[in-house]
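The residues making up each chain are set out below.
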Amino acid sequence: MAKDDNGSPMVCPFELQRKRIIWILGLSSLCVVIYVLLAWQSVTSLPLNLSGTYNRAHSESGSKSRSSSLPFSSSESLGFTAGLPGSTNGTFGGSKLFPPCSMKFSEYTPCQDPKRARKFTKMMLVYRQRHCPAKDELLLCLIPAPPNYKKPFMWPQSRDYAWYDNIPHKELSIKKAAQNWVQVEGDQFRFPGGGTMFPRGADTYIDNINDLIPLTSGEIRTAIDTGCGVASWGAYLMDRDILTLSFAPRDGHEAQVQFALERGVPAMIGVLATERVPYPARSFDMAHCSRCLIPWYNHDGLYLLEVDRILRPGGYWILSGPPIRWKEHWRGWERTQEDLKQEQDAIEELAKRLCWKKLIEKGDLAIWQKPINHIDCIRNIDMYKTPNICKKGNTDSAWYKKLDPCITPLPGVSTQDEIAGGALEKWPARAFVIPPRIRSGSLPGITQEKFQEDNEQWKQWMMHYKRTIASLSKGQIRNIMDMNAHLGGFAAAMMKDPVWVMNVVPVDLEIDTLGVIYERGFIGTYQDWCEAFSTYPRTYDLIHAAGLFSIYLDRCDFTYILLEMDRILRPMGTVIFRDVDNVLMKIQNITNKMRWQSQMMNHENESLSSKKILVAVKSYWTGDATK
């Protein structure tokens, strides 16, 4: 029987197929548009804060304790990729998070750990040198901030104030109460600028130095302060455009270096003992010791020989405190006149054997000047039995290198008026003129053209950073570390900002550029990033790492380098990684487990498709005081 005709037109199979294809294509296009819109929204509207606190997010009394947003600019779409595939709503693809360490590690300094230090001899302060943990001793946990940690004051207010909760140590305010190092005022520390030898304040003390040598002419730019206390000398020298690297050991005066860095002043944990300090030869224009209690005349003058190594030709050494002006002070110093006279005579004699010239002794200050070359020194060396000028060796080598009982030789010159190693321009011009080490061709592959190209490249990089990273553009940072500083371009590009940069040159590199950085008028140090850095936790606002992880790809586990970065980075601090994309993905996978929030963005030069930039932010969380 034939089927009933319902009156409907018969549909051609080909027409039906065409309509289905059009419908599928339309639906697919709609899905693509929705996906793109959602992806764009996720880029520009990422969660503003990680909620993963181990204790509680503390609201700062009288000021904001933590940023309410990531330090990424929302004014531009940058093609970020947030997190790893599969990560949603603050979870990290099921990855196990690193746990918090016990609160007893809140101020952990791995290579200057007091407990480990007790295993070493106290002779020549060996126990206060770097002694890093073995691999099986390394921590796989996150160093906690104190329970009531607050965002530090910003510069210049930080020079004079810090939150007590961030560094809960009153020892210095008690032991040094009469010397005005630091005072406790309610929930804050105040730094009056005093010191053992400058009770009237660092400014007055520095003015007294300026009456004797020129501090404001631009000739002196880099300084080192041995036994720095809370670094008030370096803090007040910044008003004279002098950048001081202060160092002190981790000793009975709790948290000297930690106080300095909390104030926004450059500092490192360090000591003059049996090894060279981690700076190249001819680095500093001025060295300073204000009652730093270093026995300069002992051990055949090794410590003053080391100051001579790192002091630039024509540089100054300033000494105040024992034994200077011992005739007036000997009773207060609780030492005999004979003992103090013998000490001063020994220092005077050692300085002569180093070929230094004593410029002046006035009041509590004595100042010597290093010669600009060694022509006369070589002629007169036969007058003294020791020390001789060293015969061989890399004068810049300073990573676990024993002190030499000889005078570090200066580069050769043709005349008595020529400055060994080359003359430097006055600051600030010296930051951009060709440094002598490059001008002389002593660094293979780094030409004057390469130097200029690096400066131009950094102009582009910094413009990109300030356009896309809010903490940089808004001046919310003070302490910066460049983990692979190369020629110091980051520091040069930030010259006009109220920041300072610790330029780090990895010891693994074939070409040592740290001397160039100092010739430009910046400061820095050597470092093996398979080990911890000589600083306290939470001492840097921003860390820059360009190509660093590619250097260490086959040397040590990225995990430990990143945990070290987490240790020294302040809560809500920022890290900028620049590397090839596969390395950055490995980094991001680990930082997700560290509760960092990160975004990948394209390289400024789009043609470099294999290279990317990863910007990460350390989350705010505090430790539990009961654990």
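All residue numbers refer to position in the chain's written sequence, counted from 1. Totals for whole chains, interfaces and linings use all residues, but because this is a predicted model, local features are given only for residues with pLDDT of at least 70 and pairs of side-chain atoms are given and counted only at 80 or more. Side-chain measures were taken over the full set of non-hydrogen atoms in the model, leaving aside hydrogen atoms and water.

K.L.:
I'd like to hear about the sheet that holds strand β3 (residues 183-185), residue by residue, with values.
P.N.:
The strand order across the open sheet built from three strands is β2-β4-β3, with neighbouring strands paired in antiparallel fashion. Looking at strand neighbours, the two that pair on one side only are β2 (161-163) and β3, the edges of this open sheet. The sheet shows a mean angle of 30° between the axes of neighbouring strands, direction not considered. At least two DSSP bridges between two strands are required for those strands to pair. Secondary structure elements follow DSSP: runs of H or I no shorter than four residues count as helices, runs of E no shorter than two count as strands, and numbering proceeds from the N terminus. When β3 meets strand β4 (residues 188-190), the two strands line up antiparallel, connected through three bridges. Residue pairing in the sheet places E185 in a bridge with Q188 of β4. What counts as an axis is a line fitted to C-alpha atoms, over the stretch in contact for a helix, and the angles between N-to-C directions run from 0 to 180 degrees.

K.L.:
Account for the pairing of strand β15 (residues 540-546), with residues named and values stated.
P.N.:
Each residue gets one of three labels from its accessible area relative to the maximum for its type: buried under 20%, exposed over 50%, partly exposed in between, using a 1.4 Å probe on protein chains only. Of all seven residues that make up β15, seven are buried, and the element is covered over most of its length. The pairing of strand β12 (residues 479-482) with β15 spans three bridges and is parallel. Bridge pairing links I480 to L542 in β15. Pairing geometry for β15 and strand β16 (residues 569-580), over six bridges, is parallel. In the sheet register, A546 faces β16, and the bridge partner there is R578.

K.L.:
I'd like a rundown of the state of the cysteines, residues and numbers included.
P.N.:
Count a disulfide wherever a pair of cysteine sulfur atoms falls within 2.5 Å. Considering all chains together, one arrives at six disulfides under this definition. Between C355 and C377 runs a disulfide, and the two sulfur atoms are separated by 1.9 Å. Here C355 and C377 share a disulfide; its torsion about the S-S bond, 70°, makes the bridge right-handed. Of this pair, C355 sits in the loop between α9 (337-353) and β10 (357-362) while C377 sits in helix α10 (residues 375-380), and the two are 22 residues apart along the sequence. Each sulfur of the disulfide joining C530 and C556 lies 2.2 Å from the other. Around the S-S axis, the bridge from C530 to C556 shows a dihedral of about -90° and counts as left-handed. Pair noted here: C530 is in the loop between β14 (523-527) and β15 and C556 is in the loop between α16 (548-551) and α17 (558-568), with a separation of 26 residues, a long-range link. Once the bonded cysteines of the protein chain are numbered in order along the sequence, the disulfide links fall as 1-4, 2-3, 5-6, 7-8, 9-10, 11-12.

K.L.:
Tell me about unusual backbone geometry, and name the residues and values.
P.N.:
Backbone phi values are negative for most residues with the exception of glycine, while trans is the configuration of most peptide bonds. Going from W155 to P156, the amide bond is cis rather than trans, its omega being 10°. In this fold, P156 is placed in the loop between α2 (114-117) and β2. Cis rather than trans, the peptide bond between W427 and P428 has omega equal to 10°. Locating P428 in the fold gives a position in the loop between α10 and α11 (436-439). Phi is positive for H486, which is not a glycine, with a value near 55°.

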